Amino acid sequence: MEKDSALYQLMDTRMNGVMNGIVSGDGEYQAILRESDIYSGELDRMDLSKEIRLLIDRYVSEQNALGSRYGMLAYLLGFSDCKAMFLGKCLPTDAKEMNTEL
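Nothing here was measured: the structure is a model prediction, and the numbers come from that model.

Caption draft 1: Main features of the environment of R53. For R53, the location among the structural elements is in helix α3 (residues 50-86). Sequence separation between R53 and L43 is 10 residues; the distance between their C-alpha atoms is 8.4 Å. In this view, R53 contacts L43, D44 and L48; residues no more than four positions away in its chain are not counted.

Caption draft 2: A look at α3. An ideal rise of 1.5 Å per residue puts 54 Å on 37 residues; α3 measures up with 54 Å between its terminal C-alpha atoms. All of the buried residues in α3 are L76, S80 and A84.

Caption draft 3: Quick look at the packing of aromatic side chains. For the coordinates displayed, the defined rule picks out one aromatic pair. Measuring from ring centre to ring centre gives 5.0 Å for Y75 and F79, while their planes differ by 55°; the resulting arrangement is tilted. Of this pair, Y75 and F79 both sit in helix α3, four residues apart, which is roughly one turn of that helix. A relative accessible area of 34% places F79 in the partly exposed class.

Caption draft 4: Broad picture of unusual backbone geometry. One non-glycine residue, D47, lies in the positive phi region at around 50°. Structurally, the position occupied by D47 is in the loop between α2 (27-45) and α3.

Scoring rules and cut-offs
- Each chain carries its own residue numbering, running from 1 in the direction its sequence is written.
- Under the rules for a predicted model, residues below a pLDDT of 70 receive no local features and side-chain atom pairs below 80 are neither given nor counted, while totals for whole chains, interfaces and linings still include all residues.
- Hydrogens and water are ignored here; the side-chain numbers use all heavy atoms of the structure.
- Numbering of helices and strands runs from the N terminus, with a helix taken as a DSSP run of H or I at least four residues long and a strand as a DSSP run of E at least two residues long.
- Residues count as neighbours in contact if any of their non-hydrogen atoms are within 4.5 Å of one another.
- How far a helix is expected to stretch is found by multiplying one less than its residue total by 1.5 Å.
- When a residue's accessible area, from a 1.4 Å probe over protein chains only, is under 20% of the maximum for its type it is buried; when over 50% it is exposed; and in between it is partly exposed.
- Two rings from Phe, Tyr or Trp (for Trp, the six-membered ring) form a pair when their centres sit within 6.5 Å of each other. Planes less than 30 degrees apart are called stacked, planes more than 60 degrees apart edge-to-face, and all others tilted.

Encoded structure:
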């Protein structure tokens, strides 16, 4: 699926706009955020060197990017499945077939 498609534009609007309001009111998300803040404080108190903190930051950033991309792809897959169902198409069950749907 091309990044300028209507589905990508919808995902961008929903993920970057509407999701901010949803996560601010989601208790589980807020609990995870508070727990993350605790770990951040512990790292601050460790007085690590700049190089080690940068390495940790880069690692965490890449892990966050993976999770974010996974969520976006899951969102797109769900919409692709819905579209196929509404159009009366049979959904693919083979992983190779599924990869071509997005």
